[in-house]
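# Structural description and commentary
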Amino acid sequence: MKTLHFLIALASLLLGSSAQALTAGFDRYTSHTSASSLDAFELKSDQEWGQTFTITFGARTEVGLDQVTLWLFRATNANNKTITASIRSSWNGASVWESTIQANSLQNDPGANANNLHSPVTFFGSTAQLSTGVQYYLRLDTTASEKIYVHLDASSSYSPGHLINKDGNNESGKDLVFAIPEPSTAVLFGLGLMGMGFLRKTR
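The structure contained in this document is the topic of the report that follows. It should be emphasised that the depicted structure is a prediction, and the values quoted were computed from it without experimental measurement.

Calculation notes
- Residues numbered from 1 in each chain as written.
- Predicted model: local features only at pLDDT ≥ 70, side-chain atom pairs only at ≥ 80, totals over all residues.
- Heavy atoms only, no water.
- Phe/Tyr/Trp six-rings, centres within 6.5 Å; stacked < 30°, edge-to-face > 60°.
- Helix = DSSP H or I, 4+ residues; strand = E, 2+ residues; numbered from the N terminus.
- Buried < 20%, exposed > 50% of the residue type's maximum accessible area, 1.4 Å probe, protein only.
- Lys NZ or Arg CZ within 6 Å of the ring centre and 35° of its normal.
- Contact = heavy atoms within 4.5 Å.
- Pairing = 2+ DSSP bridges.
- Salt bridge = Lys/Arg side-chain N within 4 Å of Asp/Glu carboxyl O.

Tallying each qualifying case throughout the model produces 6 aromatic pairs. On the basis of an interplanar angle of 50 degrees and a centroid distance of 6.4 Å, the ring pair of phenylalanine 53 and phenylalanine 178 is categorised as tilted. Here phenylalanine 53 is found in strand E3 (residues 49-54), whereas its partner phenylalanine 178 is found in strand E14 (residues 178-182), with 125 residues between them in sequence. Both residues of the pair, phenylalanine 53 and phenylalanine 178, belong to the buried class. On the numbers, 5.6 Å between centres and 85 degrees between planes, the contact of tyrosine 158 with phenylalanine 178 is edge-to-face. Taken as a pair, tyrosine 158 in the loop between strand E10 (148-153) and strand E11 (163-164) and phenylalanine 178 in strand E14 lie far apart in primary sequence, 20 residues in all. Its relative accessible area of 10% is what places tyrosine 158 among the buried residues. Grouping aromatic residues by their ring pairs yields a cluster made of Phe53, Tyr136, Tyr158 and Phe178. Note that arginine 139 overlies the ring of tryptophan 91, its terminal NZ or CZ placed 5.3 Å from the centroid.

See the structure below:
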């Protein structure tokens, strides 16, 4: 019986440590010297950009999400301006998850070089439970009027989703450069710790 408890705890720890990230574009940019398909579009207070995506993870029907990573930069001083990343079930639907950062925290590139992959930015928020196999919309809004940019892959093979342009339309074959943890590593790691604690108690 003690052996069984140990195996359960070990399996939980291994599952937590092996959780993978769902990414679009990032691996291609880090492995290639050419950035011919890398581009960037301008975010404005009246021009939102986004991405559709679908999470799959074995037989699980839900996963916890508390962060999203995007590749953004600015070419201006953006004091008191913000950028909000939200996840929605439709482009103009209610947010099921969102997080806001200060625009001035982005890497500054006065030349606005769209072919240079700038520093990643992670948006942290409260954990939201997302259903697997369901299409969601990742949307970016800003209070800035100009010179805030988001990177995209203009020739992408990411099949679970597409870029959503400033008019709210799909652009097949193009994707934002983004990363979404899948599933919640913290929850899985916590299950592992609980198992180890239970094993110690039985001893």
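This paragraph deals with the side chain of glutamate 48. Relative to the helices and strands, glutamate 48 is located in the loop between strand E2 (38-43) and E3. A relative accessible area of 18% means that glutamate 48 is categorised as buried. Excluding residues that lie within four positions of it along the chain, glutamate 48 makes contacts with Trp91, Arg139, Leu140, Asp141, Asn165 and Lys166.

In this section: the sheet that holds E11. Overall, antiparallel pairing links the 6 strands, which are arranged E6-E5-E9-E3-E11-E12 in an open sheet. Edge positions in the sheet fall to strand E6 (95-102) and strand E12 (170-171), since each of these pairs with one other strand and no more. As judged from the 6 bridges shared by strand E5 (residues 82-88) and strand E9 (residues 135-142), these two strands associate in the antiparallel manner. Bridge assignment links alanine 85 to a residue of E9, and that residue is leucine 140.

Per the counting criterion, the structure on display carries 5 salt bridges. For arginine 139, the salt bridge is made with aspartate 141, and the minimal N-O distance between the two is 3.0 Å. Using a relative accessible area of 10% as the deciding quantity, one classes arginine 139 as buried. With its nearest N and O atoms 3.8 Å apart, the salt bridge here joins lysine 166 to aspartate 167.

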